[in-house]
Structures are given as C-alpha cells and as structure tokens.
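Listed here are the chains, written in short residue letters.
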Amino acid sequence: KLMNQPIEKSSRLRLHYLDGLRGLAALYVLLVHIDPEMGEKLPLFWSLFGKTLRYGGFAVAIFIALSGYVLMLPVSRSQSGHISGTLIDYIKRRSRRILPPYYAALVFSLLLAFAVFLLETFSQFKWDDIAGRAHFSPKFTLIDVLSHLLLVHNLSYATHISINPPMWSVATEWQIYFIFPFILLPVWRRFGLLASVVTAFVISLLPIYLLNGLFESASPWYLGIFALGMAAAEIGFSQKPKLMSMRNSLPWGTLSVVFTIVAFITEWRKLGLHIWIGHSFFGIASACLFIYCTKFITDGKTPAPLILKIFDHPLAVDIGTISYSLYLTHGPVLSLVRYGLFNLQLPASTFASASYLLGTIASLLFAYPFYLLFERPFTSNFFQKGKLQDANFQQPTNTKKL
C-alpha cells in the first residue's frame, strides 16, 4: 500500500477493496435473482428478507461505476492524460477481459437449453416455466442467439430477457467501452471533468425523453454512472489544484452515506420517479465511496474504517476474483436448483431456506471452476506475485496515444 509517498511516484496501486466491493455486489445480485416462492404466501421473515432484495439495479450501478473508475485510473495517474497504447491495444485488452467468459457462459446456456430440448423430445419430461422460474430461459429464437453473439441483446426487451437474462448488463458495459475513448475522454481533455459527466448523461437520457424511450431496455443511464466512476478516479488522483482541494477538503464518507439515503428515497416506487434517478444517486454515492476508501489507503491512515475492513476481507476479495464468472453463470444454476427443489413438495419456509442456501452454494461452486477454465487464463498475465497488474492500473508507457 502507498503510505505517504506522492501518488505519482508509484507505478502500481493495490486497491483490494475494489475486488471485495465487486464480490459483495455480485453476491447481492445472486440473492436478488433467487426465487423463494412456490406460489404460496411466504412466512413473515422471508417476506421481509425479500424486501431487502429489491435493489439489484444498485449493484449493477456499482459494477458500472467501478468500470469507469478502473479505466480512468491510468489516465488520471498519467502525465499525458491518454490511455496506454493504441486504440487496437485498448480494444484487445477489453475484449480479452470480457468476451471469453461471456461466450463460454453463452455456450453453456445454449447447451443446457439443448439438453432440455432433447429431454422434451425423447422422454416424458416437459420444462415447467413455473418450476424453473429464475434467470434462464431454454426457449428462444435465432434472433435471440444472434443478438447475444453480437452483444446487442440489451437493446430490445424481447432479447433482453432471453437465454441468460443477467447478461444484458454485459452488453451495456461493452457498448460503453467504445463511448469512453471516442467521446468521454476527448470531452474530458478539451472541456474538463464536469463536461464529460454531463455529456454522458445527456447522451444516455436523450433517447428516453426525446425518442419515446428508445433503447430503454439497455438502461442507457449507466453511461452517466460510468462517467461518475471516471470522475471519482480523476478527483482521487489528479494533481490539478482545484481537484486536489476537493479531494482533501470534502467529507467523502459522509457524502456517500447521504447520497445512498437519497438513492433509496428516490427509488421508492410510490414517488413514481424514473428508475434512472435513484440509480444515478447511487452512482454518486459509489463514486464518493471510491474517493473515500482510496484516499484512506493512499494517505496511509490507520486503523481502517469498518467499511474498508469489510471490503478488504479475504472472503469478499476471493468472491470478487470470481465475481464476473459468478455473474455470468448464476442464472442457469439457480434455475436448475429451483427446478430440483420445486418437485420435492417442501413447506414454503423450507423451500425458501433451501433456495437461498443451496442456490448460493451451487452458484459459487460452479463459478469457481468456470473462472479457472474461462476467465483466469485470459487475466493471469496481469497478476504476478499477488500484485494487481491489470493494464487498467498501469502507467502508460507506449508513446502512441488514444
């Protein structure tokens, strides 16, 4: 960890809490997607517990803000203000990180659907949509498959919910990866940080309000949340006097709590506000949290606050390591677990308990070997001797700039 050294003198930054935060967010999404109901009314405890799992969009906001933060880190820490390497280098790094596990998970989902088809064709088995109700659909069209292959399935509600529904956010993030170097960074370099954030929100909200909700299924406002993550990195590492003053003077931890409360209030359905408002406030809260935690680490302060200890916990970091694989595969796994439990005629409370317990365990157990096979081989060259060396955290060394 950096102690009191000037930030620019360190070429690498170890921020394990980012992995821990990502892991906890992925675990929350997993719990959100577990369906504990069999058609009967759940006991009070499980009903109350279910009400705490209504904010999956907030977890996605954390993922997207983290992406903006991580991709902006090397830019903010560099002297040039450019991404390392050429545009092709950048696309290769992003492709290597995102696409192999994504396509592996897509193939797994298609094979599982094919297995269901064979069982229905050659046996008495019939897929029960209620028993298998989760985040996997074995019935889909060629258009569904093609849109997933091209990572545009998030642009339509019909394809958005097909095959492996949680994958929609991967498509949204993939599209943001191209807007980042072509629009957001040039605006940032020419007009500054605020202009980049405003541009991101304008681009994302114009289709909703001027084009009758066009592409709303893609949750385009996450582009604005991505820009908030960019802003957090810039405020956290910029050597510009105004941003340094902001970094050192504002109560970032308190601001994170305040904006989190505002996010939950604006998300309240009875207010009738559009969902992007609550998500955006949570994105601001996440950005403030990043600044707070990173500043605590770079300042070398002790002891660490409780929130940082939680994010830095080895178990959270370990889950964070496999969080992308967990996110990609948990839908089909949960569907299979539910299908198996549904036919056991369990009491409602027992069914709910078993769904959460077995669903979580099975998803984690499946995600780990999936990570070893389809994710780690494409990221292992970024890790040496336990130090995070993702290209997102390295100082630019190539003279060619984006």
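Quantities reported herein were computed from a predicted structural model and do not represent experimental measurements.

A.B. asks: Please provide a residue-by-residue account of the overall build of the protein, values included.
C.D. replies: Counting its regular elements, the protein contains 16 helices and two strands. For 402 residues, the compact-globule estimate of 2.2 N^0.38 gives 21 Å, and the C-alpha radius of gyration of the protein, at 22 Å, lies within 12% of that figure. Dimensions of the protein along its principal axes, counting C-alpha atoms only, are 70 × 50 × 45 Å. Of all 402 residues assigned to the protein, the portion counted as buried reaches 52%. Across the protein, contacts joining residues at least 24 apart in sequence account for 77% of those joining residues at least 6 apart. Looking at the protein as shown, the accessible area adds up to about 18,900 Å², and 67% of this sits on carbon and sulfur atoms. When the 33 positive and 19 negative side-chain charges of the protein are each reduced to one mean point, those points stand 11 Å apart.

A.B. asks: Can you break down helix α12 (residues 275–298) residue by residue, with the values?
C.D. replies: Note on helix geometry: an α-helix contains 3.6 residues per turn, so any two residues three or four positions apart are oriented the same way. Here α12 is 24 residues long and its end C-alpha atoms lie 35 Å apart, about the 34 Å a rise of 1.5 Å per residue gives. Burial analysis of α12 places 19 of its 24 residues in the buried class, the great majority of the element. Immediately beyond the C-terminal end of α12, within one or two residues, lies Gly 300, with a positive phi of roughly 70 degrees.

A.B. asks: Outline the packing of aromatic side chains, listing residues and values.
C.D. replies: Within the structure shown, the criterion is met by 30 aromatic pairs. When the centroid spacing of 6.4 Å and the interplanar angle of 50 degrees are considered together, the rings of Phe 201 and Trp 276 count as tilted. In this pair, Phe 201 is assigned in helix α8 (residues 193–210) and Trp 276 in helix α12, connecting sequence segments 75 residues apart. Taken as a pair, Phe 201 and Trp 276 share a single burial class, namely buried. Measuring from ring centre to ring centre gives 6.3 Å for Phe 366 and Phe 370, while their planes differ by 25 degrees; the resulting arrangement is stacked.

A.B. asks: Residues and numbers for the nonpolar core, please.
C.D. replies: Ranked by size, the top nonpolar core spans 95 residues in total, and within it Tyr 17, Tyr 69, Phe 180 and Tyr 222 carry the most contacts. Per-element accounting of this core gives the leading share, 15 residues, to helix α3 (residues 56–77). Apart from residues no more than four positions distant in its own chain, Phe 180 is found in contact with Leu 71, Met 72, Ile 83, Tyr 90, Leu 185, Pro 186, Phe 226 and Met 230. Counting residues in hydrophobic clusters, the runner-up holds 14 residues, among them Leu 112, Val 116, Phe 136 and Tyr 339.

A.B. asks: Provide a residue-level description of helix α5 (residues 142–149), including the pertinent values.
C.D. replies: Those residues of α5 not exposed but buried are Asp 144, Val 145, Ser 147 and His 148. Down the axis of α5, the sector holding all buried residues measures 165 degrees, keeping them to one side. For α5, the exposed residues lying more than 90 degrees away from the buried face are Leu 142 and Ile 143. Buried positions along α5 lie against α4 (87–122) and α6 (157–160). Looking one or two residues beyond α5, the residue adopting positive phi is Leu 151, at roughly 55 degrees.

A.B. asks: I'd like a description of the state of the cysteines, backed by residues and values.
C.D. replies: Note: disulfide means a covalent bond formed between the sulfur atoms of two cysteine side chains. Here the structure, examined in full by the defined rule, presents zero disulfides. The structure places no disulfide on Cys 288, whose sulfur is separated from the nearest cysteine sulfur, that of Cys 293, by 11 Å.

A.B. asks: So what's going on with the side chain of Ser 363? Residues and values would help.
C.D. replies: Tracing the sequence through the fold places Ser 363 in helix α16 (residues 348–374). Looking at Ser 363, the relative accessible area reads 0%, which means it is buried. Within the structure, the side chain of Ser 363 is placed 2.8 Å from the backbone oxygen of Gly 359, a separation counted as a polar contact. Ignoring any residue separated from it by four or fewer positions in sequence, one finds Ser 363 in contact with Leu 30, Leu 326, His 330, Val 333 and Leu 334.

A.B. asks: I'd like to hear about the pattern of salt bridges, residue by residue, with values.
C.D. replies: Two side chains that carry opposite charge are able to pair once their charged atoms sit near each other. The full count for this structure, using the stated rule, is six salt bridges. When the shortest N-O distance is used, the salt bridge between Arg 338 and Asp 35 registers 3.8 Å. Linking Arg 338 in helix α15 (residues 323–342) with Asp 35 in the loop between α1 (16–32) and α2 (44–51), this pair joins segments that are 303 residues apart in sequence. A relative accessible area of 3% means that Arg 338 is categorised as buried. Linking Glu 375 and Arg 97 is a salt bridge whose minimum nitrogen-to-oxygen distance equals 2.9 Å. With Glu 375 in the loop between α16 and β1 (383–384) and Arg 97 in helix α4, the pair connects residues that are 278 residues apart, well separated along the chain. Here Glu 375 falls in the buried class, since its relative accessible area comes to 2%. Given the relative accessible area of 21%, Arg 97 is considered partly exposed.

A.B. asks: Tell me about unusual backbone geometry, and please be specific about residues and values.
C.D. replies: A cis geometry characterises the amide bond from Thr 302 onward to Pro 303, with omega recorded as -10 degrees. Within the secondary structure layout, Pro 303 lies in the loop between α12 and α13 (306–312). Positive phi, close to 55 degrees, is recorded for Gln 345, a residue that is not glycine. Mapped onto the secondary structure, Gln 345 falls in the loop between α15 and α16. For Gln 345, a relative accessible area of 66% puts it in the exposed group.

A.B. asks: Any details on the packing of α3 against helix α7 (residues 168–191)? Residues and values, ideally.
C.D. replies: α7 packs onto α3 with a crossing angle of 35 degrees between their chain directions and a minimal axis gap of 11 Å. The two elements α3 and α7 meet at a crossing, and its hand is right-handed. Across from Val 60, Ile 64, Ser 67, Leu 71, Met 72 and Val 75 in α3, the residues of α7 making contact are Trp 168, Ser 169, Glu 173, Ile 176, Tyr 177, Phe 180, Leu 185 and Trp 188. When grouped by side-chain class, the residues that make up the contact of α3 with α7 number eleven nonpolar, two polar and one charged.

About the cut-offs
- Chains are numbered independently. Their residues run from 1 in the order of the written sequence.
- Reporting in this predicted model follows two pLDDT cut-offs: at least 70 for local features of residues, and 80 or more for side-chain atom pairs to be given and counted; totals over whole chains, interfaces and linings ignore these cut-offs and use all residues.
- Excluding hydrogens and water, the side-chain figures rest on all heavy atoms present in the structure.
- A run of H or I in DSSP counts as a helix once it spans at least four residues, and a run of E counts as a strand once it spans at least two, with each numbered from the N terminus.
- Note on method: radius of gyration uses C-alpha positions; expected globular size equals 2.2 Å times residues raised to 0.38.
- Only protein chains enter the accessibility calculation, which uses a 1.4 Å probe; a residue is then buried when its area is under 20% of its type maximum, exposed when over 50%, and partly exposed in between.
- When checking whether two residues touch, look at their non-hydrogen atoms; a contact exists if any pair is within 4.5 Å.
- Only the protein chains shown count as cover for residues, with accessible areas throughout obtained via the Shrake-Rupley method and a probe of 1.4 Å.
- Note on charges: Lys and Arg go in the positive column, Asp and Glu in the negative column, and His and the chain ends are not counted at all.
- In this description, the location of a charge corresponds to atom NZ of lysine, CZ of arginine, CG of aspartate or CD of glutamate.
- A helix is expected to span 1.5 Å for every residue after the first.
- Centres within 6.5 Å are what make two rings of Phe, Tyr or Trp a pair, Trp counting through its six-membered ring; a difference in plane orientation under 30 degrees is then read as stacked, over 60 as edge-to-face, and the rest as tilted.
- What we call a nonpolar core is a set of buried Ala, Val, Leu, Ile, Met, Phe, Trp, Tyr and Cys residues that are connected through their side-chain atoms within 4.5 Å.
- Read the arc as the range of directions from the helix axis to the C-beta atoms.
- Any pair of cysteine sulfurs within 2.5 Å is marked as a disulfide.
- Here a polar contact is taken to be a pair of N or O atoms separated by no more than 3.5 Å, where protein atoms must pair a possible hydrogen donor with a possible acceptor and residues adjacent in sequence count only if both atoms sit in side chains.
- Each reported salt bridge corresponds to a side-chain nitrogen of Lys or Arg within 4 Å of a carboxyl oxygen of Asp or Glu.
- In this analysis, axes come from line fits to C-alpha atoms, helices being fitted only over the stretch in contact, and the angle between any two N-to-C directions falls in the range 0 to 180 degrees.
- Helix crossings fall into two classes, left-handed where the near helix is turned counterclockwise from the far one by less than a right angle and right-handed where it is turned clockwise.
- Basically, the charged four are Asp, Glu, Lys and Arg, the nonpolar ten are Ala, Val, Leu, Ile, Met, Phe, Trp, Tyr, Cys and Pro, and anything else, Gly included, counts as polar.

These results come straight from atomic positions and should not be treated as a statement about function.
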